[in-house]
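Understanding the architecture of this molecule
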Amino acid sequence: MIKTKSLSRIAAALTVFALLFSGVVPFSGARAESAEIQTQQVGTVTAECTVTLPDELSGKEYRIVDGLVESYQSFKPGQSVQVGLADGAQGLYLEWFTPTSQYTVTQFDQSGATLGEDAASPFLNAYFPLKEGAVKAVVNFTGVGSLSTLAVYGAGELPADVQFWKTPSAADLLVVASSPKTALDEFFGVIATYGANHDIPTTLVVMSPGTRSAQQELLSALWYAGFDQYPAFGAFTSVNEKLYKMVKNDWGRKPTLSFITEQIASLHPKVLVTHIDDETAPDGAAQFTGEYSLRAAEENGVQKIYLASAAGGTTLDYSAPLNGIYGKSVQELATDVFAFCTSRHAYETALTLSSAFLLKESTVGDDSTGGNLFENIDTAQLGGYVDPTPTPQPTPEPTAVPVEEPQEPASNQPDATGETQDAALPQSLSKLAQLGESQTVLLGIAIGGGVLTLILLFTVGLRKRRGRIRGGAVVLSLLPLVLGLLASGALNYLSKKEIAEFAPAATPAPTEAATPEPSATPEPSAEPEAQTQGEAEADAQEVAASASDEFYRQASDPAEVIVSDEEKGHWEYRTDTLSIMIDRVNSEYTNYGGKTFPLVYFVAHIRMRDINAFRTVQAADNRNGAGAIKPWILARRNKAVLMITGDNLVESDTQYKSILIRDGKVFLDSAKNDFMAMYPDMTMRIFSPKETNASELLMDGVREAFSFAPMMIRDGVLTTVDIDHTPRIGNETNPRTGLGMIEPGHFVAIVVDGRQKDYSYGMRLSAFADLFVKEGCTQAYNLDGGVSTCMLFMGEQLNRHGNKRVGTIEDTYQRRIPDGLVWGYSDTVPGEDDPIYHRGEG
């Protein structure tokens, strides 16, 4: 019996080994990769290094190792970052929040001797190869600098997204764009076609740099397309780039003209491509850029000028395969690079490229073919030109679920020294590899072994001899199955190994932060143990990675699931990355006098996998924080799926407020009250006055901070302050607006109707706080309430006010508001001029 058990265990072990080897059962290595992705330091050994900041900045290291370009640490002259290098480290990669040339990188060996010193790179993203024997690298600041990300790469091939830029010295093609967004939308195809495919010297000028994220997305997209000429970023900014007059005033006519003229004079382009100079341009900034690019090009030797316009007669073919990019077309590249553009995912589902161009001026004659921007220009006179031949790409065996991985162009595949290498896929695979790629062959081998095992089991293995089953016979019967699985696994392994020797390195797609599955949160009680910033962020990422799909769009659902059931008081909006579920609650409220009144409030559970699903909106075109409009107009103007009242910004009551930040702009930096901030790791954090300042928040990557007060729950603890007697807002039963967080990416917005005793009485702040406790929130903050209170879904207001307006606490009308908190963007939201059925008035 013991022998039989031992033989059975051996057989089971062989079977499990065969399953693992064949790929039927996955190894646990995928878990480690997942954890690495969560830290946004993919492919690095940064975690194995020691990063030391000056004593006065101790504890802020997380800002430069979190992999987020919107967070950063500012340094003064004389300060430094010291990096103790992991064994085998081959390179240091620095991503700057703003470009700087006021630093050096020095390397030291084990004895402390200097191995070398590198001067600063002028680029936002810069790679510094490490010398053999280097155990420490020091970034020394000779001036002011703001560093977003520091990463260290280990031995082996560098990831394809490590960028090695070059400074353009001349350009036969000059592209002038207003912003990173319009550069991708209108000119990505032009740059990929001529700058990468034809290898024509090309320079991109971007007038307004936009956010650091927008710059990173543009750089990543260009690099992926095989373009290595660093763009020239201008320093022009406007509070509202949609409006031409505002851009004209903010940028200035003379500075704009001078900047573009300098670019043309220094680069001597033969062809200039820019935006259309009329109201059909993407926005006011694009129109102004087009207008002043035309003026700057006058009598400057430009042979042809094209404007991006649907009415243009020259149309580029974006469906043709390109050279050196593994046969991908411009359109296929655009599909890949959209994954990098995470800041746009809340608004768009794909890049919509401009392919039509209007020939505005030409000194070499009109176009006749209508498909080439360099028609009538002698290519022999260009600084560079190749007649492209698409790189062939082998056709894989069809599988049940084909997955296309984004691939890095061979022309940009760097080695450890920063040099580029060309790579090509094989024309054909060996017969052995072809067998290993065929799922039919692999399955057939495994099934054949299984069938033979069944036959042996029933004829030999399971036949009893002297009343007992023989263990040896069972093991012998299992051998065909084990051998079949081993054979199929070996074929599969050899096939993948052969393909891997030729396959290009894939660019890892940006990892979307997942929203955690909600779990019951106990009523706040004891103060939790304090965590460091890094520990808190690590916990947030771990929780967010365990999200459940049940709250989001299902595979069989349309792209946007929208439910509006006013009768039952239930509303829903679900996509792949955003889930909003709203319920109307009809209840009762008992006041201090013991009288009971009806109460109506709305609870919205918001789950999101991407911080960009959240944003703020303002009523004023000049984004000055003042001015107010009706909530439904504000929501519809910004295509908001869900909008609630904000904090009234600087429209009024600034004497009670602390820090106010909107879209990275600081409106107020004071210390008079509690305030709340939204962090890029999809957490909401609450601060007491003087606990931090606006500058520190910005370096943490915060772009939105609110101050109305008071806090209701902080870090799981219900406030012990008598908030019912908060000056100006607490000592009444009022309509209320508030926001809470259950866990990272899972928020709760609650709006309470009030001042209408026959419909809804309203609440005191203490009772309002209890609602967030009931929902399981660990953070909760009070926002502007009273007659500013509103919650809108798909452009219609859910809550309601009365129509009384007497200028006292008895007012029940819907007040105009200057700002709002918004989740989601949908083109299905009605426009301002469309019928409105629920204005929140009576």
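Shown above is the structure to which this text applies.
Now for a description of the structure that goes with this document. What you are looking at is a predicted structure, and each value in this text was computed from that prediction instead of being measured.

Quick notes on the overall build of the protein chain
Regarding its fold elements, the protein chain presents 16 helices and 39 strands. Residues counted as buried form 53% of the 842 residues belonging to the protein chain. Taking the contacts inside the protein chain whose residues are at least 6 apart along the sequence as the reference set, 75% of them involve residues at least 24 apart. Entry remark: accessible area of the protein chain is about 37,300 Å², with carbon and sulfur atoms responsible for 52%.

Concerning the sheet that holds strand β9 (residues 145-153)
Spatially, 4 strands are ordered β2-β9-β4-β7 in an open sheet, and the strand pairing comes out antiparallel. At either margin of the open sheet sits one strand with a lone partner, and together these are β2 (73-75) and β7 (125-129). In this sheet, neighbouring strand axes are inclined to one another by 40 degrees on average, regardless of whether the strands run parallel or antiparallel.

With respect to a positive patch on the surface
Taken together, the side chains of Lys 245, Lys 248, Arg 253 and Lys 254 make up a positively charged region of the molecular surface. Every element with two or more residues in the positive patch is listed here: α6 (244-251) and α7 (253-267). Inspection of the secondary structure puts Arg 253 in helix α7.

Describing the sheet that holds strand β10 (residues 173-177)
The strand order β12-β11-β10-β13-β14-β16-β15 describes an open sheet built from 7 strands, whose pairing is mixed. Both edges of this open sheet fall to β12 (232-233) and β15 (314-315), since each of them pairs with a single strand only. Packing of helix α4 (residues 180-197) onto the sheet brings it into contact with β10, β11 (202-206), β13 (271-275), β14 (304-308) and β16 (356-362), and relative to β10 it is tilted by some 165 degrees.

Comments concerning α4
With 18 residues, α4 ought to run about 26 Å at 1.5 Å a step, yet its terminal C-alpha atoms sit only 21 Å apart, falling short of that. The largest bend in α4 is about 65 degrees, located at Phe 187. With 17 of 18 residues buried, α4 is to be regarded as a mostly interior element. Count one or two residues on from α4 and you reach Asp 199, which has phi positive near 60 degrees.

What about the pairing of strand β30 (residues 684-687)?
Residues Met 684 and Ile 686 line one face of β30 and the alternating positions Arg 685 and Phe 687 line the opposite face, and both faces are buried. Hairpin connection, strand β29 (residues 675-678) to β30: the antiparallel pair is bridged by 5 residues, and Met 682 has positive phi, about 65 degrees.

Section: the side chain of Thr 575
Following the sequence through the fold, Thr 575 ends up in the loop between β22 (570-574) and β23 (578-590). Within polar-contact distance, the side chain of Thr 575 engages the backbone nitrogen of Thr 577 at 3.3 Å. Not counting residues up to four positions away in its chain, the partners in contact with Thr 575 are Tyr 552, Arg 553, Ala 559 and Glu 560.

Here's the deal with the environment of Asp 610
Examined against the element boundaries, Asp 610 turns out to sit in the loop between β24 (596-608) and β25 (614-618). Take Asp 610: its relative accessible area is 12%, and that puts it in the buried class. When the C-alpha atoms of Asp 610 and Pro 680 are compared, they prove to be 9.0 Å apart, with 70 residues separating the residues in sequence. Reaching out from Asp 610, the side chain makes a polar contact with the backbone nitrogen of Asn 612 at a distance of 2.9 Å.

What to know about the packing of aromatic side chains
Aromatic rings in a pair are described by how distant their centres are and how their planes are angled relative to each other. On inspection of all chains with the given rule, the structure shows 26 aromatic pairs. Aromatic side chains Tyr 93 and Tyr 153 sit 6.2 Å apart centroid to centroid with 65 degrees between the ring planes, which places their arrangement in the edge-to-face category. Separated by 60 residues along the polypeptide, Tyr 93 in strand β4 (residues 91-96) and Tyr 153 in strand β9 bring together distant segments of the chain. By relative accessible area, which is 6% here, Tyr 153 ends up buried. When the centroid spacing of 5.6 Å and the interplanar angle of 70 degrees are considered together, the rings of Phe 236 and Phe 259 count as edge-to-face.

Conventions we followed
- Residues numbered from 1 in each chain as written.
- Predicted model: local features only at pLDDT ≥ 70, side-chain atom pairs only at ≥ 80, totals over all residues.
- Heavy atoms only, no water.
- Helix = DSSP H or I, 4+ residues; strand = E, 2+ residues; numbered from the N terminus.
- Buried < 20%, exposed > 50% of the residue type's maximum accessible area, 1.4 Å probe, protein only.
- Contact = heavy atoms within 4.5 Å.
- Areas by Shrake-Rupley, 256 points an atom, 1.4 Å probe, with all protein chains shown as cover.
- Pairing = 2+ DSSP bridges.
- Axes fitted to C-alpha atoms, helices over the stretch in contact; angles between N-to-C directions.
- Patch = residues over 30% accessible without salt bridge, like charges linked within 9 Å, V, L, I, M, F, W, Y side chains within 5 Å.
- Salt bridge = Lys/Arg side-chain N within 4 Å of Asp/Glu carboxyl O.
- Lys, Arg positive; Asp, Glu negative; His and termini not counted.
- Charge placed at Lys NZ, Arg CZ, Asp CG, Glu CD.
- Expected span 1.5 Å × (residues − 1).
- Bend = angle between axes of the 7 residues up to and from the residue.
- Polar contact = N/O pair within 3.5 Å; in protein donor to acceptor, adjacent residues only side chain to side chain.
- Phe/Tyr/Trp six-rings, centres within 6.5 Å; stacked < 30°, edge-to-face > 60°.

Purely spatial values, then, with no claim about function.
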